[in-house]
Structure formats: structure tokens, C-alpha cells
Amino acid sequence: MGIKKIMLIINPCAGRKSGMKNAEKIVSMLKNQGCECVLYMTGKRGDATQFVIDDGSKYDIVACMGGDGTLNEVINGVLKANLDVPLGYIPAGSTNDFARSMHLSRNIDKAVDNILSGITIDIDTGIFNDRYFCYVSSFGIFTRTSYSTPQRVKNVIGGRLSYMLNSITELGRIKAEHMRVETNGRAYEGDFLFGAVTNSASVGGVLKYDPRIVNMNDGKLEILLIHKPRNPLQLFSIIRSLVSNKFSDNPLIEFDRSDKFKIYPSARSDWSLDGEFAYTTGSSEIKCLKSKIRLLCPQTVK
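Below is a short write-up of the structure. No experiment lies behind these values; they were computed from the predicted model shown.

## Describing the overall build of the protein chain
Inference 1: A tally of regular secondary structure across the protein chain gives nine helices and 17 strands.
Inference 2: Accessible area of the protein chain: about 14,000 Å², with a carbon and sulfur share of 51%.

Below is the structure:
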């Protein structure tokens, strides 16, 4: 194979601005390994998607450094441009749930080595109506904070803590959403405090699944719905179930797995797609797209 041409997209603001600090080093490391590397620096929301749509076909590898939102934008660019190209990811955000699930290192040396010599693993992606997401689409509590928490706050106190603190301020304002969800011939309906359709073992450091039930390339997504608790005892039971991963024992928690979900909100519903804002005012469909992304992973990942 000839010289690898690498597109490197960096979000300079993610993770205490580590992208800005390490951009020159990463480019130099890739060039020292005989690669052609062109750096693209994002300046506003949507830049990464447009970079990939415009120029992604020119490269052998599309790599990015940033948080889950940056990765979401790159994946949207790859899929909208219908590119068949390996994707490298250097996690530099505040939470990096997806990177943790795939054992991707934040260490620059390890991350660059992974881009150059890692194995390619096919992974599923989700689509919410016409927008792609990498690992989570969610509504309700903890959702608004994922896209409304200022980046400077995430950088100063860390992603999980900032999400938790902002969510505490939300508790008094947030209302349960009445919604009907249909999948696998079953229907779940009620007033839900939170809901998430995921392809990850961790979401925001708040929701964690037993990794044995999550397969990132099985053509299915997991859904979890939390009914609004009516009293402190019910709230405590929800927290206990989430901590222990024993969802089936709690009637206030619905859990299922499927390749397609039909969503019927009773009013406008605000969602987060990998931390990026989305909303629906009517029925929506969430589907799993099997093996849509080729991700460069460490040799140890199987």
C-alpha cells in the first residue's frame, strides 16, 4: 500500500482545549510515520460534518479528535457522503462514553498508533428520523444538559460533574413526557422522566449497562424508559435498580432491545443525539443500521 492520506479533524475547544494543545504534535507524529496528513480545525457546530462531505473522499482514513459531539458530526458526514473509509477517533471530550466502550485511549501516543496500526471493527449506528447518532439518543432529565452545558464549564469541572450539577438545577423545571413507544410487537406508554436508545455500555457516566448485554455490532439497539416516580420510595427504587443493573425487577423501568422503535410523543419532545440537539413534534422512528461504520480500534479489542 502507498502513502496513507489522513484527514484529521480537531475540535480545539474539547476537553480543556487538549485538541488545540496537541494538534501540531499529532500531525508531526503522523507525518513522521510516512503519512500525508491534512489538519481541519472546527470553528462552529456542523463544521466537521461539512468537512467530511466536502473532502472526505480524498483520504484513506478520516480521523477526529474531540468529544462525542465531534464524533457524531464526523459520522454524519461519512454516512451522508456514503464513504467507505476507516474512522479513527482520539477522545478528548468531557465524558467519552463511546470511546470507553471501545477501549480507545486518550493518550496521544497510543491513539496515533491505533490510527496507524489498529484493527478495523464494524459497528452499528442509529438513525433518528434522518439524523445519525453514534451511541445514544435520549430525552428527559440529563438530556438537555448534554447540549446546553457550556463547554467552558465542562472543561473546568469535568463532564460528568458538570452534567450532574446542571441536571440538579433542572429537576425543579423538568416535567415527565407522556409518550408511547412501539417495538417488537409490544407497546410502552406512560409519563416518562427519561428515555434512551443506545448502542453503548455507558451514557454520561450516569447510566451503565452490564457490558455482557451490549454488542456494538449485533444490529440491535437497547432502550431504557424510566416512569415518573410518585414518591421518594419509588425514586429510591429506580436509583437502586440503575446502580445494580437489575431493570427487570422494577415496574418503573422498561428495558428492551430491537432494530427499530416507533416513538409517539404527546407534544414536542426535545432529544439529544450524542449530545447534539434534536427534537420531534410528531411520530418518529429510530432504527439500527448494522455495520455502517468502520472504526479503527486497538489490537486488543475483538
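And the narrative resumes.
## Digging into helix α9 (residues 232-244)
Inference 1: A rise of 1.5 Å per residue sets the reference length of α9, with its 13 residues, at 18 Å; its end C-alpha atoms lie 18 Å apart and thus fit the reference within 8%.
Inference 2: Buried positions along α9 lie against β11 (207-208), β12 (221-227) and β13 (253-258).
Inference 3: Downstream of α9 by a residue or two, Asn245 has a phi angle that is positive, lying close to 60 degrees.

## Some words on the environment of Asp109
Inference 1: Locating Asp109 in the fold gives a position in helix α5 (residues 108-117).
Inference 2: Residue class for Asp109 comes out partly exposed when judged on its relative accessible area of 44%.
Inference 3: Taking the C-alpha atoms as reference points, Asp109 and Ile26, 83 residues apart in sequence, are found 8.4 Å from one another.
Inference 4: Once you skip the residues sitting within four places of it in the chain, Asp109 turns out to touch Lys25 and Met29.

## Overview of the side chain of Asn72
Inference 1: Here Asn72 lies in helix α3 (residues 68-80).
Inference 2: Relative accessible area serves as the criterion here: at 5%, Asn72 is assigned to the buried category.
Inference 3: Within the structure, Asn72 has its side chain in polar contact with the side chain of Asp274 (distance 2.8 Å).
Inference 4: Not counting residues up to four positions away in its chain, the partners in contact with Asn72 are Tyr132, Phe133, Cys134, Leu273, Asp274 and Glu276.

## Let's talk about the pairing of strand β8 (residues 177-183)
Inference 1: What you see with β8 is a clean split: Glu177, Met179, Val181 and Thr183 sit on the buried side and His178, Arg180 and Glu182 on the side with no burial.
Inference 2: With seven bridges joining them, β8 and strand β9 (residues 186-198) adopt antiparallel strand pairing. The partner of Glu182 across the bridge, within β9, is Ala187.
Inference 3: Once β8 ends, the chain turns through two residues before running back antiparallel as β9, passing Asn184 with a positive phi of about 55 degrees.
Inference 4: Of the strand pairs in this sheet, β8 and strand β14 (residues 260-265) are connected by four bridges, and their pairing is antiparallel. Paired with Met179 across the two strands is Pro265, which belongs to β14.

## Details of the environment of Val74
Inference 1: Counting through the fold element by element, Val74 comes out in helix α3.
Inference 2: On the basis of relative accessibility, which here comes to 0%, the residue Val74 falls in the buried class.

## Comments concerning a nonpolar patch on the surface
Inference 1: Judged by side-chain polarity, Met20, Leu39 and Met41 come together as a nonpolar surface patch covering roughly 260 Å² of accessible area.
Inference 2: With respect to the helices and strands, the residue Met41 is situated in strand β2 (residues 36-41).
Inference 3: Relative accessible area serves as the criterion here: at 33%, Met41 is assigned to the partly exposed category.

## Some details on the nonpolar core
Inference 1: One finds Val74, Phe98, Leu224 and Leu295 to be the most contacted residues of the largest nonpolar core, which totals 48 residues.
Inference 2: Among the elements that make up this core, the one with the highest residue count is α3 (five residues).
Inference 3: Among residues more than four places away in sequence, those in contact with Phe98 are Asp68, Leu71, Tyr89, Ile123, Cys134, Tyr135, Met216 and Leu295.
Inference 4: Counting 20 residues, the second-largest nonpolar core is a separate cluster that includes Val27, Cys37, Ile61 and Val112.

## Side note on the pairing of strand β1 (residues 5-10)
Inference 1: With five of six residues buried, β1 is to be regarded as a mostly interior element.
Inference 2: The pairing of β1 with β2 spans six bridges and is classified as parallel. Looking across to β2, one finds that Leu8 is bridged to Leu39.

## Quick notes on the packing of helix α2 (residues 47-55) against α3
Inference 1: Interaxial distance between α2 and α3 falls to 7 Å at its minimum, and their mutual angle equals 30 degrees. Taken together, the axes of α2 and α3 are roughly parallel relative to one another. Relative to α3, the crossing made by α2 is right-handed. Here α2 contributes Asp47, Ala48, Thr49, Val52 and Ile53 to the contact with α3, which in turn contributes Thr70, Glu73, Val74, Asn76, Gly77, Val78 and Lys80.

## Considering the pattern of salt bridges
Inference 1: According to the stated counting rule, one finds 11 salt bridges in the structure shown.
Inference 2: Across the salt bridge formed by Asp55 and Lys58, the nearest N and O atoms sit 3.2 Å from each other.
Inference 3: Owing to a relative accessible area of 17%, Asp55 belongs among the buried residues under this scheme.
Inference 4: Of the charged contacts in the structure, one is a salt bridge between Arg180 and Glu182, with a shortest N-O distance of 2.8 Å.
Inference 5: We classify Arg180 as partly exposed; its relative accessible area is 30%.
Inference 6: Looking at Glu182, the relative accessible area reads 31%, which means it is partly exposed.
Inference 7: Taken together, the shared-partner salt bridges connect Arg180, Glu182 and Glu189 into one network.

The rules behind the values
- Residues numbered from 1 in each chain as written.
- Predicted model: local features only at pLDDT ≥ 70, side-chain atom pairs only at ≥ 80, totals over all residues.
- Heavy atoms only, no water.
- Helix = DSSP H or I, 4+ residues; strand = E, 2+ residues; numbered from the N terminus.
- Areas by Shrake-Rupley, 256 points an atom, 1.4 Å probe, with all protein chains shown as cover.
- Expected span 1.5 Å × (residues − 1).
- Contact = heavy atoms within 4.5 Å.
- Buried < 20%, exposed > 50% of the residue type's maximum accessible area, 1.4 Å probe, protein only.
- Polar contact = N/O pair within 3.5 Å; in protein donor to acceptor, adjacent residues only side chain to side chain.
- Pairing = 2+ DSSP bridges.
- Patch = residues over 30% accessible without salt bridge, like charges linked within 9 Å, V, L, I, M, F, W, Y side chains within 5 Å.
- Salt bridge = Lys/Arg side-chain N within 4 Å of Asp/Glu carboxyl O.
- Core = buried A, V, L, I, M, F, W, Y, C linked by side-chain atoms within 4.5 Å.
- Axes fitted to C-alpha atoms, helices over the stretch in contact; angles between N-to-C directions.
- Parallel < 35°, antiparallel > 145°, perpendicular 65-115°, else oblique.
- Left-handed = near helix turned anticlockwise from the far one by under 90°.

By themselves, these are just geometric observations and shouldn't be taken as functional.
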